[in-house]
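# Summary of the model geometry
Spelled out from the first residue to the last, the chains are:
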Amino acid sequence: MSQKRISVILPVYNEASQMNDLLKTLQFIDQSKIQHELIIVDGGSQDQTVMLLEQAGYQVFQSPKGRGNQLRMGAQKANGDIYFFLHADHTFKSDPLVSIIKSLEESSVGAFPICFMDESSWILRVIRWGSNWRLRWRNIAFGDQGMYMTAKVYDKVGGFRAIPLMEDYDLSIRLKQLGYSFQVADQPIYASSRRFDQTGGLRLLIRMQYCQWLFRRNVPIERINEIYYRK
C-alpha cells in the first residue's frame, strides 16, 4: 500500500477570506512524502478564491455550484489509487496522507476523528463527541471528517451524487449498505467552527439532525435544501 498514489480532492467556494489558512494546509500536503496529486474544484466563487490559488501555483477546475457536483468532478479528474476528500477549512498537525496509507492497510474506507480548532463552546465539544461516536459505532462519516477510500470502492458505490447537500451522508449510507466499515485514522482532523459561529451552534446542530431525519425518510432533497438554508 505504501506505493499507492493519493488524489486529494478539495472543493472550494468563496474562500478568499481564509485563504492564508487554506494555503498553509495545501503547503503542508505538498510536503508529504506520499505520492499524491491535488485536485481543486471551484463551484463558481464570486470573490478572489480562484485568482489567489492560481497565484500560489495551483490549478483550479470549475464545476457547477454545490459540493456534490464539485466532489464528483474532482473524482472524475483523479488518477490516484486512493481518493481523499478534504474541506477547505480543515487542517492537520501531522501528515494526513501517512495516516491514510496506514489506515487502508486494514480497510478500504476510512475517515478522521474530528476536533475543532477552537472548542471554547460547550456545543462544539458535544458536536465533536457526537460526530466521533457516530463514526466509530454507527459507521457513518460526514465530509468534515475527511473521508477517504480506494478508487475501486468509490467507483463500486457510485461515488458522490450531484445533490445540493448531504452528499457525504448519502455516500456513507450507501457504503454501509454494501458492507464497508470506516477505519478511523490515527490522528484527528481539525475543523473550523465558522459554520456554527455564523448560524449558532445549537440551532445548526438541531437543523442538521432534522435534515438527516428527513433524508432517511426520502423527503425530496430540494425541500431539505430549503429547510437547511432557511434564514
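Details of the structure are given in the entry above.
The present account deals with the structure reproduced in this document. (Residues numbered from 1 in each chain as written. Predicted model: local features only at pLDDT ≥ 70, side-chain atom pairs only at ≥ 80, totals over all residues. Heavy atoms only, no water.)

### What about a nonpolar patch on the surface?
Formally: By definition, no residue in a patch forms a salt bridge, and every one has over 30% relative accessible area; like charges are joined within 9 Å, nonpolar side chains (Val, Leu, Ile, Met, Phe, Trp, Tyr) within 5 Å. In this description, accessible areas are obtained by the Shrake-Rupley approach with a 1.4 Å probe, and a residue is regarded as covered only by the protein chains that are shown. Here, a salt bridge means any side-chain nitrogen of Lys or Arg that lies within 4 Å of a carboxyl oxygen of Asp or Glu. For the purposes of this entry, the term helix denotes a DSSP run of H or I that reaches at least four residues, the term strand denotes a run of E that reaches at least two, and both are numbered from the N terminus. Burial classes: relative accessible area under 20% of the type maximum marks a residue as buried, over 50% as exposed, and values in between as partly exposed (1.4 Å probe, protein chains only).
Where nonpolar side chains cluster on the molecular surface, the patch consists of Trp122, Val126, Leu202 and Ile206 and spans about 410 Å² of accessible area. For the nonpolar patch, the secondary-structure elements that each account for two or more residues are α5 (122-138) and α9 (201-216). With a relative accessible area of 46%, leucine 202 lands in the partly exposed category.

### Some details on a positive patch on the surface
Using the following cut-off: Only four residue types enter the charge count: Lys and Arg as positive, Asp and Glu as negative, with His and the chain ends excluded. By convention, the charge on Lys lies at NZ, on Arg at CZ, on Asp at CG and on Glu at CD.
Taken together, the side chains of Arg138, Lys176, Arg216 and Arg217 define a basic patch exposed on the protein surface. The topology assignment puts lysine 176 in helix α7 (residues 167-177).

### A look at the sheet that holds strand β8 (residues 148-150)
Our working definition: Note on pairing: two strands pair once DSSP finds at least 2 bridges between them. For this analysis, residues touch if any pair of their heavy atoms sits within 4.5 Å. The angle between two axes is taken between their N-to-C directions and runs from 0 to 180 degrees, where each axis is a line fitted to C-alpha atoms and a helix contributes only its stretch in contact.
Reading across from one edge, β3-β2-β1-β4-β8-β6-β9 is the order of the 7 strands in this open sheet, with mixed pairing throughout. Both edges of this open sheet fall to β3 (60-62) and β9 (183-184), since each of them pairs with a single strand only. In the packing of helix α4 (residues 96-103) onto the sheet, the strands contacted are β1 (6-12), β2 (36-42), β4 (82-85), β8 and β9, and the crossing angle to β4 comes to about 130°.

### Some points on the environment of glutamate 37
Mapped onto the fold, glutamate 37 is located in strand β2. A relative accessible area of 13% means that glutamate 37 is categorised as buried. Taking the C-alpha atoms as reference points, glutamate 37 and threonine 49, 12 residues apart in sequence, are found 20 Å from one another. What glutamate 37 contacts, discounting residues up to four positions off in sequence, is Arg5, Ile6, Ser7, Val8, Ala78, Asn79 and Gly80.

### Quick look at the sheet that holds strand β7 (residues 114-116)
Taken in spatial order, the 3 strands make up an open sheet running β5-β10-β7, and their pairing is mixed. Looking along the sheet, the strands with just one partner apiece sit at the ends: β5 (90-91) and β7. Pairing geometry for β5 and strand β10 (residues 189-191), over 2 bridges, is antiparallel. Residue threonine 91 lies in a different strand from β10, and its bridge partner there is tyrosine 190.

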